[in-house]
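Residue-level structure breakdown
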Protein chains: 2
Amino acid sequence: MEYPSKLLTEIVNEIAKLPGIGKRTALRLALHLLKQPIEQSEDLSQAVINFRKGVKYCEICHNISDKPVCDICSDSSRRHQLVCVVEDVRDVMAIESTGEYRGVYHVLGGLISPIDGIGPSDLTIDKLMKRIENQHIDEVILALSATVDGDTTNFYLYRKITEFESFPKISTIARGIGVGEELEYADEVTLVRSIINRIPFEKSISRHK
Amino acid sequence: MEYPSKLLTEIVNEIAKLPGIGKRTALRLALHLLKQPIEQSEDLSQAVINFRKGVKYCEICHNISDKPVCDICSDSSRRHQLVCVVEDVRDVMAIESTGEYRGVYHVLGGLISPIDGIGPSDLTIDKLMKRIENQHIDEVILALSATVDGDTTNFYLYRKITEFESFPKISTIARGIGVGEELEYADEVTLVRSIINRIPFEKSISRHK
């Protein structure tokens, strides 16, 4: 597709580099900006560069944070011996929004993905190992997505953690039929797992924090 | 939803102002930028502001153009007496990509939309009227979308053009069943229009440029 202007070509190409946005959508977004006050484009442009250049991470859990130590890691009322390992800030936000988890986190910043060229050294795995080595941790919960990359990362972490002479308990989040989900629509793998990993009925009605 | 950082909050809010992008997608896009080289964010940021501040329009047809008069308007081999009125640059690109239309365009820059507070003076309608007044034009093709706003704009333009003592022929693009589309899946309004506006069979096999 040929655009009638160089500036238009550039903005479309740059927006279309974002995942899930094609050239057609990029063009629609660019034309939308033209109809808005110039301040909106200035704010967008500034926000992008400010975020990318100024983003900071918590020294302990590596979640995105404006402070050297994030609010969760500096909250003394939380259980710092319970560490939930997640892929990124979205997972922290999702778990936090339940209001039920009282442990802390470790944000990997991605998953091991040989296809995308992401190895263990691109993630904060070394930092996690240092935390386990230097701090008393009872349990590590692996809460990564149930994908090939998630499984790869799970196994890698499991192997690394169990290399320590004494290592924390390692658990993963439960896979099963979602609450409110109908059995007949669940995929087979999930259904099988939910039967294999069945739990005593009494446990299903109590809630552990 | 609460974000753990001010910079993250800002980028998510700004990206989510774009049409069709929610806060969840905005967060995904922001986190994607973190995994890319910083140059990508710089280029995106620059492209947005360069486009919004530097965009120029053709003096004649008001399509986006780097030159004072665009390539189409300055092409002497085209029929300058045939003007196709469209909403924006996307429509010009769509028609141009057919390679069959040899007239010129007039880009309105939007549609009359009382709900969105867009009146005739927000569009390039005055400029179109000046073109019709000062230049010899045989025919104006109204090629606006078949929506409430499109119809409103069509009627407004029709009334304004027919106010001239001598005015060009005014036509609209044909509505009907798409080529290759199956009759049974067409909506009723389109189907009715395609029967009312039926054409002699011989015309359907020749192609007019």
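What counts as what
- Residues numbered from 1 in each chain as written.
- Chains lettered and ligands numbered in written order.
- Predicted model: local features only at pLDDT ≥ 70, side-chain atom pairs only at ≥ 80, totals over all residues.
- Pairing = 2+ DSSP bridges.
- Helix = DSSP H or I, 4+ residues; strand = E, 2+ residues; numbered from the N terminus.
- Axes fitted to C-alpha atoms, helices over the stretch in contact; angles between N-to-C directions.
- Right-handed = clockwise from strand over helix to strand, strands pointing away.
- Left-handed = near helix turned anticlockwise from the far one by under 90°.
- Contact = placed C-beta atoms within 7 Å.
- Nonpolar A, V, L, I, M, F, W, Y, C, P; charged D, E, K, R; others polar.
- Least-squares fit on C-alpha atoms with pLDDT ≥ 70 in both.
- Domains from an automatic or database assignment.
- Core = buried A, V, L, I, M, F, W, Y, C linked by C-beta atoms within 7 Å.
- Buried ≥ 20, exposed ≤ 12 C-beta atoms within 10 Å, placed from the backbone.
- pLDDT = per-residue confidence, 0-100.

**As for the sheet that holds strand β2 (residues 103–107) of chain B**
Residue and element names in this part refer to chain B.
- The 4 strands lie next to each other as β2-β1-β3-β4, forming an open sheet whose pairing is parallel. With one partner strand each, in any of the chains shown, β2 and β4 (169–172) form the two edges of the open sheet. On average, adjacent strands in this sheet sit at an angle of 25° to one another, irrespective of strand direction.
- The pairing of strand β1 (residues 79–86) with β2 spans 5 bridges and is parallel. Bridge pairing links Arg 79 to Gly 103 in β2.

**Focus: the pairing of β4 of chain B**
Residue and element names in this part refer to chain B.
- Bridge count for strand β3 (residues 139–142) against β4 is 4 bridges, and the pairing is parallel. For Val 140, the partnering residue across the bridge sits in β4 and is Ile 170.
- Assessed by its sense of winding, the connection that carries the chain from β3 through helix α6 (residues 148–161) to β4 is right-handed.

**What about the packing of helix α1 (residues 6–15) of chain A against helix α3 (residues 38–54) of chain B?**
- Between α1 of chain A and α3 of chain B, whose axes approach to 9 Å, the crossing angle comes to 145°. In this structure, α1 of chain A crosses over α3 of chain B, and the sense of that crossing is left-handed. Contacts between α1 of chain A and α3 of chain B involve Leu 7, Leu 8, Glu 10, Ile 11 and Glu 14 of chain A from the first element and Asp 43, Leu 44, Ala 47, Val 48, Asn 50, Phe 51 and Gly 54 of chain B from the second.
- Split by residue class, the contact of α1 of chain A with α3 of chain B holds 7 nonpolar, 2 polar and 3 charged.

**Some thoughts on the relation of the copies chain A and chain B**
- If you rotate chain A by 180° and push it 0.0 Å along the axis, it lands on chain B with an RMSD of 0.0 Å. Interpreted geometrically, this transformation is the action of a two-fold axis. Proximity to the rotation axis, assessed at the C-alpha, singles out Ser 45 of chain A in chain A; its C-alpha lies 2.1 Å from the axis.
- A share of 100% of the interface residues of chain A reappears at the interface of chain B, consistent with the copies meeting face to face through the same patch.

**Some remarks on the domain arrangement of chain A**
- One can read the domain layout of chain A as domain 1 (6–54), domain 2 (79–173) and domain 3 (175–209).
- If you average the C-alpha positions of domain 1 of chain A and of domain 3 of chain A, the two centres end up 43 Å apart.

**A look at the interface of chain A and chain B**
- On the chain B side, the residues contacting the 46 residues of chain A number 46 residues.
- Secondary structure elements with two or more residues in the side of chain A that touches chain B: α1, α2 (23–35), α3 (38–54) and α4 (89–98) of chain A.
- Counting residues per element, the side of chain A that touches chain B draws most heavily on α3 of chain A, which supplies 15 residues.
- In terms of residue class, the side of chain A that touches chain B is built from 24 nonpolar, 10 polar and 12 charged.

**Some details on the sheet that holds strand β3 (residues 139–142) of chain A**
Residues and elements named next belong to chain A.
- Taken in spatial order, the 4 strands make up an open sheet running β2-β1-β3-β4, and their pairing is parallel. The strands lining the two open edges of the sheet, one partner per strand, are β2 (103–107) and β4 (169–172). Strand-to-strand twist in this sheet, taken as the mean axis angle between neighbours without regard to direction, amounts to 25°.

**Things to note about the nonpolar core**
- Counting residues in each nonpolar core, the largest one holds 89 residues, and the members touching the most others are Ala 30 and Val 85 of chain A together with Ala 30 and Val 85 of chain B.
- Excluding residues within four positions of it along the chain, Ala 30 of chain A makes contact with Leu 8, Ile 11, Val 12 and Ile 15 of chain A together with Phe 51 of chain B.

**Regarding the confidence of the model for chain A**
- Mean pLDDT over chain A works out to 92, with 98% of the residues at or above the 70 mark.
- Both confidence scores are given for the complex: pTM 0.83, ipTM 0.85.

**Focus on the pairing of β3 of chain A**
- Two strands pair when backbone bridges link them, and strand β1 (residues 79–86) of chain A and β3 of chain A are joined in this way by 4 bridges, in the parallel orientation. Bridge pairing in β3 of chain A links Cys 84 of chain A to Ile 141 of chain A.

**Details of unusual backbone geometry**
- Of note, the phi angle at His 62 of chain A is positive, near 65°, even though the residue is not glycine.
- Inspection of the secondary structure assignment puts His 62 of chain A in the loop between α3 and β1.

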